[in-house]
Amino acid sequence: MFEIFGIPAAALFGQLLLGLINGSFYALLSLGLAVIFGLLNIINFAHGAQYMMGAFVAWMLLSYLGINYWWALILVPLIVGAFGIVIERRMISRLYQLDHLYGLLLTFGLALIIQGLFRNQYGVSGLPYSIPPQLQGGTNLGFMFLPNYRGWVVFASLVVCFGTWFLIEKTRLGAYLRAATENPAMVGAFGINVPRLITLTYGFGVGLAALAGVLAAPIYSVNPNMGADLIIVVFAVVVIGGMGSIMGAILTGFGLGIIEGLTRVFYPEASAVVIFVIMAIVLMVKPTGLFGRAT
Amino acid sequence: MKPFRRTRGSSKPISGSDMASAQPQISPAAPLLSVADLAAWYGESHVLHGIAFDVAPGEVVTLLGRNGAGKTTTLKAIMGMLPRRTGSVKFDGCELIKAPPRAIARAGVALCPEERAIFSSLSVEENLMLPPRVKPGGLSLEQIFEMFPNLKERLSSQGTKLSGGEQQMLAIARILRTGAKMLLLDEPTEGLAPVIVQQIGRTIAHLKSEGFTIVLVEQNFHFAASVADRHYIVEQGRVIDMIPNAALDANIGKLHAYLGV
Ligand SMILES: Nc1ncnc2c1ncn2[C@@H]1O[C@H](COP(=O)(O)OP(=O)(O)OP(=O)(O)O)[C@@H](O)[C@H]1O
Ligand SMILES: [Mg+2]
């Protein structure tokens, strides 16, 4: 086996793949956060809990109703997204006139409640969710062994991220969304139903988190704390990328996943903190984030 | 209400009055827009205290007044964009005082705001195509590019990369596609070079000939006189006078006193 910088190539590629996988989740989650923040001006602290719900609902569909992974990929974002829509209509929409802090507190409280309910019901030991049969096993790429499911996660996440980017940057609906992010009053005065656009956007962002949860279910154990652990890193990713940009969220998510993976190879002691160190540096140099627009 | 649309210059007043066709201020047509007793607030501060004026179908009227008189607020209040407003805004026979902005837009009223509100995250083309069609009969893109040839060459630029004059043209152009027949234009000539002001003047005359009804807020009094049928004077949140354009010369002293020029 050959070596790169004195590191066995297999180890290097293995960590790179792991970085890409983590990066896939960072990108999917920070994308949803960025979309929600853009239009609602709310930092959705419930995002991690909604990701966890995605994994749990997939598990429930399989265990209670025998609905398989592929259906879950479609159904779970719809179910959890609908839950998000109810939350937005019933609670978050009451806060738009108030300081942003209230939205943060509300969604943070919701996250604690949701996690508490699942912990109560299912404990913290974690539930297994097996890889769908079509994606079991792996492929030998010559330079490394690629577990098929992991390859699928990276691929699916790339497709969803760039699909979302296309939707927002290149379609008419996306133009409404971008315009309403800048000047909702004017967009309303053109005859567009901005409150409904806001509701759907929140539902969409929550649906993205839930989709990430389904993708994660076969990799990590399905566990009420899975979102809380991940979301802290995702917030750091969002701070680094800056809230303003869709492409920024995607690139920063994947980029930081890879950097984290490389750090695990070259200086494992730092791998748990490298993202936070980068965050501190970015905050000193460019407080609006790498892709952020000053507001 | 429908028979009175797009009728200026073609229909004779029902009464057969001898002066009505030459004197727009005695329009026999039911007004397309009728504002009465309109009051509005920004939070606690009470800004409009009973604005009242009418606009007949196909007419161009201006709102003139000093800085801070409440002209912009009047247009925003008509559009429903203020948190609190009372009184009456009737358009095309429908009472709109309780309606949200999107319903007012859907009824066929469109605003070109003072700050132009071109979206920086949208291209020129996206800005132009943003307002949805609310009624049949809007201008086609060809007609719009005939009026504003500059826009056609800049379609893929970022909206806010246009010059001030081009941004103003874009802000007007995008509400012409929608089928709205009532245009509220807030200081479209503000800060623009004379040659562009002339172009906008020609545009307004052309829009009038196409049957649009226009409320124009203007500081540029000569410009206002060149395009409008009547002038309403706004002072401290009230309409205090109305001067027909034909009677402008006779009232010039009074007008200068109102505007403090
Ligand atoms: N967002 C706001 N909040 C509070 N008060 C406002 C706001 N906008 C305008 N005002 C006040 O309302 C009054 C009317 O303002 P408005 O903008 O309607 O004047 P205007 O006639 O359009 O003036 P200008 O010719 O300078 O554009 C002013 O006293 C202004 O200070
Ligand atoms: Mg004004």
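As the structure is a prediction and not an experimental result, all values here were calculated from the model.

Colleague: Would you mind showing me how to read the overall build of chain A here?
Modeller: Along chain A, the regular secondary structure elements total eleven helices and four strands. Along the first, second and third principal axes, the C-alpha atoms of chain A reach 65 × 50 × 35 Å. Per-residue burial over chain A gives 51% buried out of 295 residues. On chain A, roughly 13200 Å² of surface is accessible, and the fraction owed to carbon and sulfur atoms is 70%.

Colleague: Whenever I open this one, the interface of chain A and chain B confuses me. Can you help?
Modeller: Many descriptions give the size of an interface as the accessible area lost when the pieces come together. With 18 residues of chain A at the contact, the number on the chain B side is 22 residues. Around 1700 Å² of area is buried between chain A and chain B when both sides are counted, 61% of it from carbon and sulfur atoms. If you sort the residues of chain A by the area they bury against chain B, E182, M186 and F190 of chain A come out on top, with a joint share of 36%. Our enumeration of links across chain A and chain B arrives at one salt bridge. Elements represented by at least two residues in the side of chain A that touches chain B include exactly α6 (172–182) and α7 (184–189) of chain A. If you tally residues by element for the side of chain A that touches chain B, the top one is α6 of chain A, at six residues. The class makeup of the residues in the side of chain A that touches chain B is ten nonpolar, four polar and four charged.

Colleague: Is there a simple way to explain the coordination of the magnesium ion (ligand 2) in this structure?
Modeller: Six octahedral donors around a metal ideally make angles of 90 or 180 degrees; four tetrahedral donors ideally make 109.5 degrees. Residues and elements named next belong to chain B. At the metal site, the magnesium ion (ligand 2) is ligated by T72 (OG1) and E114 (OE), and these contacts range over 1.9 to 2.4 Å. Of this pair, T72 sits in helix α1 (residues 71–78) while E114 sits in the loop between β6 (109–112) and α3 (124–129); the two residues are 42 residues apart in sequence, bridging distant segments of the chain. The exposure class of E114 is partly exposed, given its relative accessible area of 24%.

Colleague: In this structure, what is going on with the sheet that holds strand β1 (residues 33–42) of chain B? I would like to understand it.
Modeller: Across a sheet, strands are paired by hydrogen bonds formed along the backbone, either parallel or antiparallel in direction. Residue and element names in this part refer to chain B. The sheet built from four strands is open, its strands ordered β2-β1-β4-β5 with antiparallel pairing. Of all strands in the sheet, those bounded by a partner on one side alone are β2 (45–55) and β5 (94–95). Pairing of β1 with strand β4 (residues 84–91), which is carried by seven bridges, proceeds in the antiparallel orientation. Across the sheet, residue A40 finds its bridge partner in β4, namely R85.

Colleague: I keep staring at the site of ligand 1 and nothing clicks. Help me out?
Modeller: Residue and element names in this part refer to chain B. Lining the immediate surroundings of ligand 1 are 13 residues, of which G68, K71, T72, T73 and Q219 lie closest. Measuring from an oxygen atom of ligand 1, one finds a backbone N or O atom of A69 at 3.2 Å. Here an oxygen atom of ligand 1 and a backbone polar atom of G70 are 3.0 Å apart. When ligand 1 sits alone it has 630 Å² of accessible area, and the protein chains cover 59% of it. If you tally residues by element for the shell around ligand 1, the top one is α1, at three residues. Residues that form the shell around ligand 1 fall into these classes: three nonpolar, six polar and four charged.

Colleague: Would you explain the environment of M53 of chain A in this entry?
Modeller: Summarising the element assignment, M53 of chain A is placed in helix α2 (residues 47–65). The sequence separation of M53 of chain A and I250 of chain A amounts to 197 residues, and the corresponding C-alpha distance is 22 Å.

Colleague: It is not clear to me how the sheet that holds strand β7 (residues 182–186) of chain B should be interpreted in this structure. Could you clarify?
Modeller: Residue and element names in this part refer to chain B. Taking strand neighbours across the sheet as the criterion, the six strands line up as β6-β7-β8-β3-β9-β10 in an open arrangement whose pairing is mixed. Taken across any chain shown, the strands that pair with only one partner, and hence form the sheet edges, are β6 and β10 (238–244). Along the sheet, successive strands turn relative to each other by an average axial angle of 20 degrees, direction set aside. The pairing of β6 with β7 spans four bridges and is parallel. Within β7, the position partnered with C112 by the bridge is L185.

Colleague: I would appreciate a short explanation of the confidence of the model for chain B in the present structure.
Modeller: The predicted structure's coordinates, where accompanied by low pLDDT, should not be read in detail. All names here are of chain B. Residues at a pLDDT of 70 or more form 89% of chain B, whose mean pLDDT is 88. Across residues 1–27, confidence stays below pLDDT 50; counting only partners more than four residues off in sequence or on other chains, it has 33 contacts. Interface confidence for the predicted complex, given as ipTM, is 0.85, next to a pTM of 0.87.

Colleague: So what exactly am I meant to see when it comes to helix α6 (residues 164–173) of chain B here?
Modeller: An α-helical turn contains 3.6 residues, so any two residues separated by three or four positions project in the same direction. Residues and elements named next belong to chain B. Counting buried residues along α6, nine of its ten residues qualify, which places the element largely inside the surrounding structure. Taken together, the buried positions of α6 are G165, E166, Q167, Q168, M169, L170, A171, I172 and A173. Looking at the packing, one finds that the buried side of α6 touches β6, α3, α4 (141–147), α5 (149–153) and α7 (194–209).

Colleague: Help me out: how do you make sense of the pairing of strand β3 (residues 60–64) of chain B in this one?
Modeller: Residue and element names in this part refer to chain B. Burial analysis of β3 places five of its five residues in the buried class, which makes it a mostly covered element. Burial along β3 is two-sided: V60, T62 and L64 and V61 and L63, pointing in opposite directions, are all buried. As defined by bridge partners, β3 adjoins strand β8 (residues 213–217) across four bridges and the pair is classed as parallel. Across the sheet, the residue bridging to T62 is L216, located in β8. Note: β3 against strand β9 (residues 230–235), four bridges, orientation parallel. Note on β9: the bridge partner recorded for L63 is Y232.

Colleague: How do you make sense of the UniProt feature "transmembrane region" (unreviewed entry) in chain A when you look at a structure like this?
Modeller: According to UniProt, the "transmembrane region" (unreviewed entry) feature falls on residues 12–35, 68–87, 99–118, 149–168, 200–220, 232–259 and 265–285 of chain A. This span, residues 265–285 of chain A, is 67% helix and 0% strand, and a straight line between its end C-alpha atoms measures 27 Å.

Colleague: Sorry if this is basic, but what is going on with the environment of V237 of chain A here?
Modeller: Residue and element names in this part refer to chain A. Position of V237 relative to the elements: it lies in helix α9 (residues 226–241). Taking C-alpha positions, V237 is 8.5 Å from A27, a pair spaced 210 residues apart along the chain. If near-sequence neighbours (up to four positions away) are discounted, V237 is found in contact with Y26, S30, T252, G253 and L256.

Colleague: In this structure, what is going on with the pairing of β7 of chain B? I would like to understand it.
Modeller: Consecutive side chains of a regular strand alternate in pointing toward one face of the sheet and then the other. Residue and element names in this part refer to chain B. Where burial is concerned, most of β7 is hidden: five out of the five residues are buried. Alignment of β7 against β8, held across five bridges, turns out to be parallel. Within the sheet, the bridge partner assigned to L183 lies in β8 and is I214.

Colleague: Please explain unusual backbone geometry as it appears in this structure.
Modeller: Comment: phi is negative for the bulk of residues other than glycine, and the bulk of peptide bonds are trans. At N41 of chain A, a position not held by glycine, the phi torsion is positive, near 60 degrees. Take N41 of chain A: it is sitting in the loop between α1 (9–40) and α2. Backbone geometry at R116 of chain B places phi at a positive 70 degrees, although glycine is not the residue there. Here R116 of chain B shows up in the loop between β6 and α3.

Analysis parameters
- Residues numbered from 1 in each chain as written.
- Chains lettered and ligands numbered in written order.
- Predicted model: local features only at pLDDT ≥ 70, side-chain atom pairs only at ≥ 80, totals over all residues.
- Heavy atoms only, no water.
- Helix = DSSP H or I, 4+ residues; strand = E, 2+ residues; numbered from the N terminus.
- Buried < 20%, exposed > 50% of the residue type's maximum accessible area, 1.4 Å probe, protein only.
- Areas by Shrake-Rupley, 256 points an atom, 1.4 Å probe, with all protein chains shown as cover.
- Contact = heavy atoms within 4.5 Å.
- Buried area = accessible area lost by both parts, 1.4 Å probe.
- Salt bridge = Lys/Arg side-chain N within 4 Å of Asp/Glu carboxyl O.
- Nonpolar A, V, L, I, M, F, W, Y, C, P; charged D, E, K, R; others polar.
- Donors = N, O, S within 2.8 Å, 3.2 Å for Na, K, Ca; no water.
- Pairing = 2+ DSSP bridges.
- Near = heavy atom within 4 Å.
- Polar contact = N/O pair within 3.5 Å; in protein donor to acceptor, adjacent residues only side chain to side chain.
- Axes fitted to C-alpha atoms, helices over the stretch in contact; angles between N-to-C directions.
- pLDDT = per-residue confidence, 0-100.
- UniProt positions renumbered as here; feature names shortened; annotations may be inferred.

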